[in-house]
Amino acid sequence: LELPHSLPPIVGNRTQLIQALINLILNAFDAVCQNDGSPREVDLIVSHRQAGLLNVAVRDTGSGVDPAIMPLLFDAFFTTKPNGMGMGLSIVRSIIENHGGRLWAARNPDRGVTMEFSLPVTASVAGN
């Protein structure tokens, strides 16, 4: 868990944002539980590295995602899980976008995937 001591406030629906974050964390847990003896790590990293935006990243050491399916990850009804419905990441994307943010995924250089989203901070903090 990497959290700065102070973060700028954001405005949004608390329940929806928690739902989005929990979905990303549970997906990361699912990914590392499939590891075959490799380290099982999930990192939650929150940062304010760009003015006006708060970034949240969920990084796992799972097996990763095939580059061919990366563009499909956030599509409704697309899943890589045997019992998945393919709605989780699509819902997360909708929640983040409805809050003025952006969601993306990137393969980690070593192993696993990082799901990251950015949300705008309140106008008074962003200097608008």
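Conventions and cut-offs
Every chain is numbered on its own, with residues counted from 1 as its sequence reads. With pLDDT at 70 or above as the cut-off, local features in this predicted model cover only qualifying residues; side-chain atom pairs require 80 or more to be listed or tallied, and sums for whole chains, interfaces and linings still use all residues. The side-chain values count all of the structure's non-hydrogen atoms but skip hydrogen atoms and water molecules. The helix count covers DSSP runs of H or I at least four residues long, the strand count covers runs of E at least two residues long, and both are numbered beginning at the N terminus. We compute the radius of gyration over the C-alpha atoms and compare it with the globule rule, which gives 2.2 Å times the number of residues raised to the power 0.38. Only protein chains enter the area calculation, which uses a 1.4 Å probe; residues under 20% of their type maximum are buried, those over 50% are exposed, and those in between are partly exposed. The contact criterion used throughout is that any non-hydrogen atoms of two residues lie within 4.5 Å. Two N or O atoms count as a polar contact when they lie within 3.5 Å, although within protein this holds only if one can serve as hydrogen donor and the other as acceptor, and sequence-adjacent residues are included solely when both atoms are side-chain atoms. Note: pLDDT gives the predictor's confidence per residue, expressed from 0 to 100. By the convention used here, strands pair only if DSSP detects at least 2 bridges between them. Patch membership requires over 30% relative accessible area and the absence of a salt bridge. Like charges are linked within 9 Å, and nonpolar side chains (Val, Leu, Ile, Met, Phe, Trp, Tyr) within 5 Å. Areas reported as accessible are Shrake-Rupley estimates using a 1.4 Å probe. Residue values count occlusion only from the protein chains shown. Salt bridge, as used here, is a side-chain nitrogen of Lys or Arg placed within 4 Å of a carboxyl oxygen of Asp or Glu.

Here we take up the overall build of the chain. Of the regular secondary structure elements, the chain holds three helices and four strands. When its helices and strands are written in sequence order, the chain yields α-β-β-α-β-β-α. Compactness check: the chain gives a C-alpha radius of gyration of 15 Å against a globular reference of 14 Å for 128 residues, within 12% of the reference. On the principal axes, the C-alpha backbone points of the chain span a range of 45 × 30 × 25 Å.

Below, the discussion takes up the environment of S47. With respect to the element layout, S47 can be found in strand β1 (residues 42–50). Overall, S47 belongs to the buried group, its relative accessible area being 15%. Separated by 45 residues in sequence, S47 and E2 place their C-alpha atoms 8.2 Å apart. For S47, the residues in contact, after removing those within four places along its chain, are P4, L53, L54 and N55. Side chain to side chain, S47 and R49 meet in a polar contact 3.3 Å long.

Below, the discussion takes up the confidence of the model for the chain. Mean pLDDT over the chain: 89, with 95% of residues reaching 70 or higher. Counting interchain partners and residues more than four positions distant, the pLDDT-below-50 stretch residues 124–128 has five contacts.

By the burial criterion, the buried members of helix α2 (residues 88–98) are L89, S90, V92, I95 and I96. Buried residues along α2 sit against α1 (14–33), β3 (102–107) and β4 (113–120). Backbone geometry just after α2 places G100 at a positive phi near 80°.

Attention now moves to the pairing of β3. Two strands pair when backbone bridges link them, and β3 and β4 are joined in this way by six bridges, in the antiparallel orientation. Bridge pairing in β4 links A105 to M115. The turn linking β3 back onto β4 is made up of five residues, and G112 within it adopts a positive phi angle of 90°.

Residues I18, I22, L26 and F29 make up a contiguous nonpolar surface patch of about 350 Å² in total accessible area. Topologically, I22 is positioned in helix α1.

Another point: unusual backbone geometry. Despite not being glycine, F77 shows a phi value in the positive range, around 70°. Examined against the element boundaries, F77 turns out to sit in the loop between β2 (53–60) and α2.

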